[in-house]
Amino acid sequence: MNTRRILICAIPLLLSGCASFSSFQWSSLAPWNWFGSDLSVTEQGLGTLTTRTPLTSEGISAAIGSDYHLREGMKMQDGEVVRYFEALKDNKVMLVISGDKGSLARIVVTDPDVSSNAGVQIGAPFSGIFDKAQGHCLAGTGDERGNVDCTAPGSQHIHYVFSGEWQGPEGLIPPDETLRNWTVAQIVWVR
């Protein structure tokens, strides 16, 4: 009988204490998040994060799992207001998710635990994916200036952004011999 009274008194205190954790992700209680996540970038998006996912904190959290803490913002891009979400792990930005008109448009992955559907991860060498840049790669622009953006083999939506050392002119792609030593800095999915 005493145990029941203690439980009746303790349950409201426990529940009110849990409600005060602002970083707690309720989606982590879902059974599919119990054993961690195996996210990969596919033609459809990142795991279950696709163009059908609502571009909201709740929708994104449910799709990417509880390994990440989300923060949200807005920015101007090409004269348009773009809503974006940053997914952090250990206080480092690992995913940047953006879109327009409530629909997913772009995912930038820097999390070394996430791979493409072909098994490519952050840090993979250019030479392990491509023989040459021609027909696959362009010089990076905007935030990717100084890097090289290559469309993944056989893909319409996945890109690998490579970075490395080169002292050549800005806006040009380094020669293939130099690119061989460059590595994947980002895996990017675009609508």
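Notes on the structure follow.

What counts as what
- Residues numbered from 1 in each chain as written.
- Predicted model: local features only at pLDDT ≥ 70, side-chain atom pairs only at ≥ 80, totals over all residues.
- Heavy atoms only, no water.
- Helix = DSSP H or I, 4+ residues; strand = E, 2+ residues; numbered from the N terminus.
- Buried < 20%, exposed > 50% of the residue type's maximum accessible area, 1.4 Å probe, protein only.
- Contact = heavy atoms within 4.5 Å.
- Areas by Shrake-Rupley, 256 points an atom, 1.4 Å probe, with all protein chains shown as cover.
- Polar contact = N/O pair within 3.5 Å; in protein donor to acceptor, adjacent residues only side chain to side chain.
- Patch = residues over 30% accessible without salt bridge, like charges linked within 9 Å, V, L, I, M, F, W, Y side chains within 5 Å.
- Salt bridge = Lys/Arg side-chain N within 4 Å of Asp/Glu carboxyl O.
- Pairing = 2+ DSSP bridges.
- Axes fitted to C-alpha atoms, helices over the stretch in contact; angles between N-to-C directions.

Looking now at the overall build of the protein. Counting its regular elements, the protein contains three helices and 12 strands. Looking at the 191 residues of the protein, the share that counts as buried comes to 36%. In the protein, of all internal contacts separated by at least 6 residues, the share reaching a separation of at least 24 is 51%. Carbon and sulfur atoms form 53% of the exposed surface of the protein, whose accessible area is close to 11700 Å².

Looking at the secondary structure, you find histidine 159 in strand E11 (residues 158–163). Classification of histidine 159 by relative accessible area gives buried; the value is 16%. Within the structure, histidine 159 has its side chain in polar contact with the side chain of aspartate 149 (distance 2.9 Å). Sequence-distant contacts of histidine 159, that is, excluding residues within four places in its chain, are made with Asp149, Cys150, Thr151, Ala152, Gln186, Ile187, Val188 and Val190.

Take unusual backbone geometry next. Backbone geometry at aspartate 90 places phi at a positive 55 degrees, although glycine is not the residue there. With respect to the helices and strands, the residue aspartate 90 is situated in the loop between strand E5 (80–89) and strand E6 (92–100). The exposure class of aspartate 90 is exposed, given its relative accessible area of 68%. For asparagine 91, which is not a glycine, the phi torsion comes out positive at approximately 65 degrees. Relative to the assigned elements, asparagine 91 resides in the loop between E5 and E6.

With that settled, consider helix H2 (residues 57–64). Among all positions of H2, only Gly59, Ile60, Ser61, Ala63 and Ile64 are buried. Looking at the buried positions of H2, the neighbouring elements they touch are strand E2 (45–46), strand E3 (49–50), strand E4 (69–77), E5 and E6. Of the residues trailing H2, glycine 65 is marked for its positive phi of about 90 degrees.

A cluster of nonpolar side chains, namely Met74, Met76 and Val81, defines an oily patch on the protein surface of about 350 Å² accessible area. Topologically, methionine 76 is positioned in strand E4.

What follows is about the sheet that holds E11. Spatially, the eight strands line up as an open sheet ordered E4-E5-E6-E7-E12-E11-E10-E9, and their pairing is antiparallel. Each edge of the sheet is formed by a strand with only one pairing partner; in this case those strands are E4 and strand E9 (137–139). Strand-to-strand twist of the sheet, defined as the mean angle between neighbouring strand axes without regard to direction, takes the value 25 degrees. As paired elements, strand E7 (residues 103–109) and strand E12 (residues 183–190) share four bridges and run antiparallel to each other. Residue isoleucine 107 lies in a different strand from E12, and its bridge partner there is tryptophan 189. Against the sheet, H2 contacts E4, E5 and E6, and its axis sits at roughly 125 degrees relative to E4.

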